[in-house]
Amino acid sequence: MKIVMLAPPGGGKGTVAEKIVKEFGYPQISTGDLLRDEIKRKTEIGKKTEKMIQEGKLVPDDIVLNMIRARTSEKDCKKGFILDGFPRNIAQAKMLEENNISPDLVIQIKVKDERVIKRISGRRLCRDCGEIFNIFFKKPKKEGVCDKCGSETYQRADDNEESVKKRLDIYRESTAPLVEYYKKKGVLKEISGDYDTIPPVVEQAFKVIRES
Ligand code: AMP
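From a predicted model like this one, the values you see are computed outputs, not experimental measurements.

Colleague: Is there a simple way to think about the sheet that holds strand β2 (residues 28-30) in this case?
Modeller: Backbone-to-backbone hydrogen bonds pair the strands of a sheet. The strands run either parallel or antiparallel. Read from one edge to the other, the open sheet built from 5 strands follows the order β2-β3-β1-β4-β8, with strand pairing classed as parallel. Because the sheet does not close on itself, it has two edges, and the strands there are β2 and β8 (188-192). Here the average twist between neighbouring strands, direction ignored, is 20°. Two strands pair when backbone bridges link them, and strand β1 (residues 2-6) and strand β3 (residues 81-84) are joined in this way by 4 bridges, in the parallel orientation. Opposite I3, over in β3, you have I82 as the bridge partner. The strands that helix α2 (residues 31-40) touches are β2 and β3; relative to β2, the one it contacts most, it runs at about 60°.

Here it is in structure tokens:
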């Protein structure tokens, strides 16, 4: 099954996708993680996109599409995959269709703006394994240290107030129209992300996958 996670920044796409990976075995393809890795490795793509990402802007469609095409053609994606962060606009959704990788299921996580802003301001990532923590809702046992691998945690460069505002605007203008787009195609399922803990959101996601 090809699944798309659709949610505002801080909406829980990455966290829920991670749980789906464990339960159903589909690989998670996060364009944000792929781009952050390019930046970390100082590649041409990383150098070209670092500033745009830091400012909360979308990077050019062709860059992300090439990443998606390469990653989805790998062996582990044969039975399906979870797209986390792609498509971000209608043009990208059409690119998926042109490449014969249209989703069978789109999970929309609905979350109120106030919650998203608080979540983003508390979000911390592990520098090595990418595990997601939150100083309000999911604190690491030892401050600044990843529970999973012991490496340092950090705050994303684009998790600052100005970039978050920009990312929320982009979500409303460019990404939210995908809700209607996929509703018309009959593949959209809405779940609520308005919880302080992860299990109730994950439970709803598992339910819609099992019913699809
Ligand atoms: P995320 O980790 O999904 O919040 O993505 C972080 C940032 O990476 C976004 O704010 C964009 O700058 C960039 N990005 C991720 N996915 C895409 C995409 N599909 N199209 C364009 N830019 C993207």
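Colleague: So what exactly am I meant to see when it comes to the pattern of salt bridges here?
Modeller: Overall, the coordinates contain 26 salt bridges when judged by the stated rule. Of the charged contacts, one joins K185 and E97 as a salt bridge, the two residues approaching to 3.8 Å between their closest N and O atoms. With a gap of 88 residues between them, K185 in the loop between α8 (177-184) and β8 and E97 in helix α5 (residues 90-98) connect regions that are remote in the sequence. The class of K185 is partly exposed, set by a relative accessible area of 45%. Taking the relative accessible area as the measure of exposure, E97 reaches 28% and is therefore partly exposed. With a closest N to O distance of 3.3 Å, D169 and R172 form a salt bridge. In this pair, D169 and R172 are both assigned in helix α7 (residues 161-175), 3 residues apart and thus about one turn of the helix distant. You can call R172 partly exposed: its relative accessible area is 43%. Here the salt bridges share partners, and the residues they tie into one network are R123, R156, D158, D159 and R167.

Reading the values: the criteria
- Residues numbered from 1 in each chain as written.
- Predicted model: local features only at pLDDT ≥ 70, side-chain atom pairs only at ≥ 80, totals over all residues.
- Heavy atoms only, no water.
- Pairing = 2+ DSSP bridges.
- Helix = DSSP H or I, 4+ residues; strand = E, 2+ residues; numbered from the N terminus.
- Axes fitted to C-alpha atoms, helices over the stretch in contact; angles between N-to-C directions.
- Contact = heavy atoms within 4.5 Å.
- Salt bridge = Lys/Arg side-chain N within 4 Å of Asp/Glu carboxyl O.
- Buried < 20%, exposed > 50% of the residue type's maximum accessible area, 1.4 Å probe, protein only.

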